[in-house]
Structures are given as structure tokens and as C-alpha cells.
Amino acid sequence: MMCIRKPTEQAVREYIWQRQEQPFSYELVGGTSEFPTREALSSDERFKSYDIDAKKVPLGYGYEVFQKGILALKGWKHFELDWITLLFPETPIEEGSVVAVLSWQVGFWVLSFCKIVYVINETDEKAQTWKYGFAYGTLEQHLEKGEERFVIEWDRVTNAVSYEKLSFSTPQHWMSQVGYPVSRYFQGKFGEESCAAIQRAIGSHSAAVL
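The paragraphs below set out a description of the structure included in this document. (Residues numbered from 1 in each chain as written. Predicted model: local features only at pLDDT ≥ 70, side-chain atom pairs only at ≥ 80, totals over all residues. Heavy atoms only, no water.)

Going through the model one piece at a time under the given rule, you end up with 15 salt bridges. Put simply, Asp44 and Arg46 hold a salt bridge, and the shortest N to O gap is 3.0 Å. When its relative accessible area of 40% is taken as the criterion, Arg46 is described as partly exposed. Across the pair Asp53 and Arg184 runs a salt bridge whose closest N-O atoms are separated by 2.8 Å. Taken together, the residues span a long stretch of sequence, with Asp53 in strand β2 (residues 51–61) and Arg184 in helix α5 (residues 180–202) at a distance of 131 residues. (Salt bridge = Lys/Arg side-chain N within 4 Å of Asp/Glu carboxyl O. Buried < 20%, exposed > 50% of the residue type's maximum accessible area, 1.4 Å probe, protein only. Helix = DSSP H or I, 4+ residues; strand = E, 2+ residues; numbered from the N terminus.)

Pasting the structure below:
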């Protein structure tokens, strides 16, 4: 949804309410849950028409860093950027929650709505890797359609903690189709900067590894 004026808080809350029961705008709902990596997702024929993006950065080592990463994700710190904002960061990370994202792009306010598809909380004592995260999917009037997953991962063997973002998307609005290179620029920009935002939130300054 493109806006000339910045939408008011009341208007956005009404939009969120209206979208509580709205279906996802794409067919492969939950698709990111089936694949651990970009390569695995790209190899599936069902996703050939989608752009697939992934980014993974190190956050540090140990259980404490893992917990800090979880708190950062729950606090939507990966959206604390100077051009994009997750409105109402108190929104709970639970299946069915509708989230509103407001960004400033090429002279317009872009208001986008997504719904959380699933939540990951894997902390089995016998498991080598612990994970916490979630994925959300686009709703109608989003400029794109698709799904995005955000995960904090702790490898208990190497003790390394990382943040990973994986998504598949394709233009939904005619403006993102016509302005495809610009849309891809902003998608790439968000990928890079969301990783940096998580690192800042937990006090890490490591470089991206993917």
C-alpha cells in the first residue's frame, strides 16, 4: 500500500484489525519451513518463479549470546532501521499475528502487512543445534508476495551463534513489477541492514558470512 502522507497510528491499527482473517496472498504458505538453506529452496521446482534471498551473519558464541539474539528478535530489533519501521513492536511473535511495516521508498510511504505463518522454538537437550525464530507471509496490497524467515541459531558443538534470514518473493503490485530493479534494491538493502541491526542489538560487529 503506497501512501503520499504518513498513515496515522489509528488508521494502521484499523488496517491491522481488518486483516486478521485475511488469507495469505501466495500459494506456498509455510514454504520456508521445508528448507534449511537457500540452495535447498532454490532446487525445488515450485519456487522457480520466485526470487530467493538469504543472508547469515555470526553473532558470537555461547548460550548468553543465543538468549540475547532471541530477545532481539522478539523485540523486532532487525527492523530498527532509518528507513523502515515495524509498527507496534509489542506485537507478539505467535502464529496468526498481523504485523505492519512502514518504509520510506523513492518519495512514498509504503505500508505493508504480513501475518506470522509459524514459530520455531527448537531447544531439545539432545539436539546439536538450538533455534528460535519465525516466518511471516504477505497479505493483499503488499507490493510483493511471498514469505520470509528469521532465525537465531546456536550450534552447541562449535558454540557459534548466528542470525539467518531466508525469503522467497515475487512482485505482486504493478508498481513493483514495473520498478522491479528498485524493488530488488530495497529487498537487498533490508537484508544487509537487518543483519547489522541484530548485531548492534547484541553488541556484535562481525561481518556477514553469506
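In terms of nonpolar packing, the biggest core is built from 33 residues, with Leu59, Trp76, Phe79, Tyr136 and Tyr163 touching the most fellow members. Among the elements that make up this core, the one with the highest residue count is α5 (six residues). Once you skip the residues sitting within four places of it in the chain, Tyr163 turns out to touch Lys55, Lys56, Val57, Leu59, Leu73, His78, Phe150, Val151, Ile152, Ser194, Cys195 and Ile198. Tyr26, Val117, Tyr118 and Val151 belong to the second-largest nonpolar core, a separate cluster that totals 15 residues. (Core = buried A, V, L, I, M, F, W, Y, C linked by side-chain atoms within 4.5 Å. Contact = heavy atoms within 4.5 Å.)

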